[in-house]
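# Reading the structure
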Amino acid sequence: FIPQVPDFDGDGDVDLDDFGQFQLCLNGSAPQFDPACARARLDFDQDVDAGDLSRFRDCLSGANISADPNCLQ
């Protein structure tokens, strides 16, 4: 599994709209198996926690600013 840029709404940027969707998946250290949250697992493990949040912040571009396609590398 290779995480994709966390542009959850598909508009080309990573902004607060995307964070709202990411936030719904935060669950700490418990495994997150909701299929809708698969893209929120950004640090290669089963949960959506502070590690994933850190990676999300690395990709944050702002509204109407194209996300860096390499932000998760």
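Structure report, in brief.

### Description of the overall build of the protein chain
When you go through the protein chain residue by residue, the secondary structure sums to two helices and zero strands. Radius of gyration (C-alpha) of the protein chain: 11 Å, near the 11 Å computed for a compact globule of 73 residues. With the principal axes as the frame, the protein chain shows a C-alpha extent of 35 × 25 × 20 Å. Burial analysis of the protein chain (73 residues in total) assigns 36% to the buried set.

### What to know about the packing of aromatic side chains
Centre distance and the angle of the planes are the two values used to describe a pair of aromatic rings. One pass over the structure, following the stated rule, counts four aromatic pairs. Within the aromatic cluster, the residues linked to one another by ring pairs are Phe8, Phe19, Phe22 and Phe56.

### Examining the side chain of Gln32
You can see Gln32 is positioned in the loop between α1 (16-23) and α2 (50-59). Reaching out from Gln32, the side chain makes a polar contact with the backbone oxygen of Cys25 at a distance of 2.9 Å. One polar contact links the side chain of Gln32 to the main-chain amide nitrogen of Asp34, over a distance of 3.1 Å.

### Considering the packing of α1 against α2
At a minimum axis separation of 12 Å, α1 and α2 run at an interaxial angle of 170°. Taken together, the axis directions place α1 and α2 in an arrangement best described as roughly antiparallel. In the crossing of α1 with α2, the sense of the turn from one axis to the other is right-handed. Contacts between α1 and α2 involve Asp18, Phe19 and Phe22 from the former and Asp52, Leu53 and Phe56 from the latter. For the contact of α1 with α2, the residue count by class is four nonpolar, no polar and two charged.

What counts and what doesn't
Residues numbered from 1 in each chain as written. Predicted model: local features only at pLDDT ≥ 70, side-chain atom pairs only at ≥ 80, totals over all residues. Heavy atoms only, no water. Helix = DSSP H or I, 4+ residues; strand = E, 2+ residues; numbered from the N terminus. Rg over C-alpha atoms; globule rule 2.2 N^0.38 Å. Buried < 20%, exposed > 50% of the residue type's maximum accessible area, 1.4 Å probe, protein only. Phe/Tyr/Trp six-rings, centres within 6.5 Å; stacked < 30°, edge-to-face > 60°. Polar contact = N/O pair within 3.5 Å; in protein donor to acceptor, adjacent residues only side chain to side chain. Axes fitted to C-alpha atoms, helices over the stretch in contact; angles between N-to-C directions. Parallel < 35°, antiparallel > 145°, perpendicular 65-115°, else oblique. Left-handed = near helix turned anticlockwise from the far one by under 90°. Contact = heavy atoms within 4.5 Å. Nonpolar A, V, L, I, M, F, W, Y, C, P; charged D, E, K, R; others polar.

No statement about biological role is implied by the geometric values presented.
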